[in-house]
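# Examination of the molecular architecture
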Amino acid sequence: MDSSHEGIQMLLTAEQEAQEMVAAARNLKTARLRQAKEEAEKEAALYRSNMESEHRKKVDETSGNSGFTAERLGEETEEKIQNLNKSASEVQSDVVDMLIKFRAVACNEEGKGMPL
């Protein structure tokens, strides 16, 4: 019975070693999963931080540009007003002459002459 007892003991020892190997593999798997999760969280945090930084930068550029845009529009408006005033002054005498002629023609047609 000694040899059967030794055989059983060897089987129990082999089973215990197998259980230890399975437990070690599970622990290693758990550790790897935990490490992968931590790395993924770090990557996600870094990505989120970069996206928020880019968003803030674009918001700052946009809000900063609104003042610049208003200033540019003000300058363009002032330039257009000056151009209109210049054009009006160039044709002012022609318009006055045309109005005087129209008045003269209208008065002549009525037979009243041209009272000024």
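Structure shown above.
These lines cover the structure that appears in this document, whether it is placed above or below. (Residues numbered from 1 in each chain as written. Predicted model: local features only at pLDDT ≥ 70, side-chain atom pairs only at ≥ 80, totals over all residues. Heavy atoms only, no water.)

## A word on the overall build of the protein chain
Along the protein chain, the regular secondary structure elements total one helix and zero strands. Among the 116 residues that make up the protein chain, the fraction classed as buried is 2%. (Helix = DSSP H or I, 4+ residues; strand = E, 2+ residues; numbered from the N terminus. Buried < 20%, exposed > 50% of the residue type's maximum accessible area, 1.4 Å probe, protein only.)

## Section: a negative patch on the surface
Together, Glu 38, Glu 39, Glu 41 and Glu 43 make up a negatively charged patch on the protein surface. Mapped onto the elements of the fold, Glu 38 is located in helix α1 (residues 2-110). (Patch = residues over 30% accessible without salt bridge, like charges linked within 9 Å, V, L, I, M, F, W, Y side chains within 5 Å. Areas by Shrake-Rupley, 256 points an atom, 1.4 Å probe, with all protein chains shown as cover. Salt bridge = Lys/Arg side-chain N within 4 Å of Asp/Glu carboxyl O. Lys, Arg positive; Asp, Glu negative; His and termini not counted. Charge placed at Lys NZ, Arg CZ, Asp CG, Glu CD.)

## Examining the pattern of salt bridges
By the definition in use, this model includes two salt bridges. Between Glu 52 and Arg 56 there is a salt bridge whose closest N-O contact spans 3.8 Å. With Glu 52 and Arg 56 both in helix α1 and four residues apart, this pair spans about one turn of that helix. Taking the relative accessible area as the measure of exposure, Glu 52 reaches 40% and is therefore partly exposed. Between Arg 72 and Glu 76 there is a salt bridge, with its nearest N and O atoms 3.0 Å apart. Here Arg 72 pairs with Glu 76, and both are found in helix α1, just four residues apart, close to one helical turn. Using a relative accessible area of 33% as the deciding quantity, one classes Glu 76 as partly exposed.

## Side note on a nonpolar patch on the surface
A cluster of nonpolar residues, Val 91, Val 95, Met 98 and Leu 99, forms a patch on the protein surface that exposes about 370 Å² of accessible area. Locating Leu 99 in the fold gives a position in helix α1.

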